[in-house]
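Listed below are the residues making up each chain.
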Number of protein chains: 2
Amino acid sequence: MFSKACEYGIKASIFIAINSFEDKRVSPKEIAKEINSPEAFTAKILQALVRHKVINSVKGAYGGFEVNKNELKHIKLSQIVKAIDGDNIYNGCGLGLEKCDENHPCPVHEKFKEVRNELKHMLENTSLEELALDIKSGVSFLKA
Amino acid sequence: MFSKACEYGIKASIFIAINSFEDKRVSPKEIAKEINSPEAFTAKILQALVRHKVINSVKGAYGGFEVNKNELKHIKLSQIVKAIDGDNIYNGCGLGLEKCDENHPCPVHEKFKEVRNELKHMLENTSLEELALDIKSGVSFLKA
DNA sequence: TTTATTTCGGATATTTTTATCCTATTTATA
DNA sequence: TATAAATAGGATAAAAATATCCGAAATAAA
């Protein structure tokens, strides 16, 4: 469904969010350890999230990654996914046709649309804040 | 969502189904042309579908690929997807956790479950027959 | 201003997926 | 039985995704 990069990106963002509640910045090293991902690869993904302004980075001593905790409520999963995997999951044809729309649909167009709309709705209505709060309260987990 | 291999596999199966209505067998060459896919790669995918008994092959002169047209109604998309991509799309964790269940859920476990159930329902309730009939009647298309 | 710390970003390596090629095997028909 | 026509399947190649490494640039604090 999502690429590895995207999975890491989502988990990393959640961990950063948790720390930002307490105004703490975190390093790729801490993040990778916490979400059980390869450190250097994770760092690359963080760069992409910074470029897309999903998270913020501060260079130098006492630096690290953070998110604006006042915006946590408004940062949605969809933004993270789009920043990393692009919007193919939204717009692409389920069977890979270059041109696939109501006028020229692929065989699963209509049926696929429903599933994708459900996915889209989920991604656009799930905030980083709620995911982070679930981790904080022990309801969910970032690694096995 | 699906791998390229799976996209080709679904489209190939539909084309084979259309021809099986008229008891015609088709070759990888014809299939690849019709669904706009690389021929040799498509042939490999057909082999996998044969191994999983989704379609049938007949070697030698006048051979080719076919499906039992009496079973078309009962061949579901889910069988094709499982034969090619495995059942990771059904059982795998949305964020890639090795262990992710009700007792130890990843951050998106509950929300993801709904989307996946919808997808699962769609795949398990869509038959090769209906997809093939839509192509035959010009309602949908196998290539752009 | 120097130093230690930290992210940035380019180069490279590894693995997986996608794709190709060629020979072996099977089978219907002449 | 010989031949032509097909699929089967192993070996490779190419491309994309995943992952690693290292020096450059930025920054806070001593």
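Residues numbered from 1 in each chain as written. Chains lettered and ligands numbered in written order. Predicted model: local features only at pLDDT ≥ 70, side-chain atom pairs only at ≥ 80, totals over all residues.

## Looking at the overall build of chain A
In terms of helices and strands, chain A carries 7 helices and 2 strands. The linear arrangement of helices and strands in chain A, starting from the amino end, is α-α-α-β-β-α-α-α-α. Across its three principal axes, chain A shows a C-alpha extent of roughly 55 × 30 × 30 Å. When each of the 144 residues of chain A is scored for burial, the buried share is 41%. Restricting to contacts in chain A with at least 6 residues of sequence separation, those with at least 24 account for 66%. (Helix = DSSP H or I, 4+ residues; strand = E, 2+ residues; numbered from the N terminus. Buried ≥ 20, exposed ≤ 12 C-beta atoms within 10 Å, placed from the backbone. Contact = placed C-beta atoms within 7 Å.)

## Let's talk about the nonpolar core
Residues Ile 14 of chain A together with Ile 14 of chain B are the most contacted members of the largest nonpolar core, which totals 82 residues. Apart from the residues lying within four places of it in its own chain, the contact partners of Ile 14 of chain B are Pro 107 of chain A together with Leu 128, Leu 131, Ala 132, Ile 135 and Leu 142 of chain B. (Core = buried A, V, L, I, M, F, W, Y, C linked by C-beta atoms within 7 Å.)

## Comments concerning the packing of helix α1 (residues 4-21) of chain B against helix α3 (residues 39-51) of chain B
Residue and element names in this part refer to chain B. Two elements in contact, α1 and α3, have axes whose closest approach is 10 Å; the angle formed by their N-to-C orientations is 75°. With respect to their mutual orientation, α1 and α3 come out roughly perpendicular. The residues of α3 that touch α1, namely those facing Ala 5, Tyr 8, Gly 9, Ala 12 and Ser 13, are Thr 42, Ile 45, Leu 46 and Leu 49. Here the contact of α1 with α3 is composed, by residue class, of 6 nonpolar, 3 polar and no charged. (Axes fitted to C-alpha atoms, helices over the stretch in contact; angles between N-to-C directions. Parallel < 35°, antiparallel > 145°, perpendicular 65-115°, else oblique. Nonpolar A, V, L, I, M, F, W, Y, C, P; charged D, E, K, R; others polar.)

## A look at α3 of chain B
All names here are of chain B. If you check α3, its first and last C-alpha atoms are 19 Å apart, about what 13 residues at 1.5 Å a residue would give, namely 18 Å. Of all the positions in α3, only Thr 42, Ile 45, Leu 46 and Leu 49 are classed as buried. The buried residues of α3 occupy an angular sector of 105° when projected down its axis, which confines them to one face. For α3, the exposed residues lying more than 90 degrees away from the buried face are Ala 40, Lys 44 and Arg 51. Among the structural elements, α1, α2 (28-35), β2 (64-66) and α4 (77-85) are those in contact with the buried residues of α3. Of the residues trailing α3, Lys 53 is marked for its positive phi of about 60°. (Expected span 1.5 Å × (residues − 1). Arc of directions from axis to C-beta.)

## Overview of the interface of chain A and chain B
Every contact between the two is made by 32 residues of chain A and, on the other side, 32 residues of chain B. Counting residues per element, the ones that place at least two in the side of chain A that touches chain B are α1 (4-20), α6 (109-124) and α7 (128-136) of chain A. Tallying contributions element by element places α6 of chain A first for the side of chain A that touches chain B, with 7 residues. Looking at the side of chain A that touches chain B residue by residue, the classes come out as 16 nonpolar, 6 polar and 10 charged.

## Thoughts on the protein's contact with DNA strand D
Close to DNA strand D lie 23 residues; Lys 4, Pro 38, Ala 40 and Gly 60 of chain A together with Ser 57 of chain B are nearest. Elements represented by at least two residues in the surface near DNA strand D include exactly α1 and α3 (39-51) of chain A together with α3 and β2 of chain B. (Near = placed C-beta within 6 Å.)

## Remarks on the protein's contact with DNA strand C
Contacts to DNA strand C come from 24 residues, most closely from Ser 57 of chain A together with Lys 4, Pro 38, Ala 40 and Gly 60 of chain B. Broken down by secondary-structure element, the contributors of at least two residues to the surface near DNA strand C are α3 and β2 (64-66) of chain A together with α1 and α3 of chain B. Examining the composition of the surface near DNA strand C, we find that 4 residues originate from one element, α3 of chain B, more than from any other. Here the residues of the surface near DNA strand C sort into 11 nonpolar, 8 polar and 5 charged.

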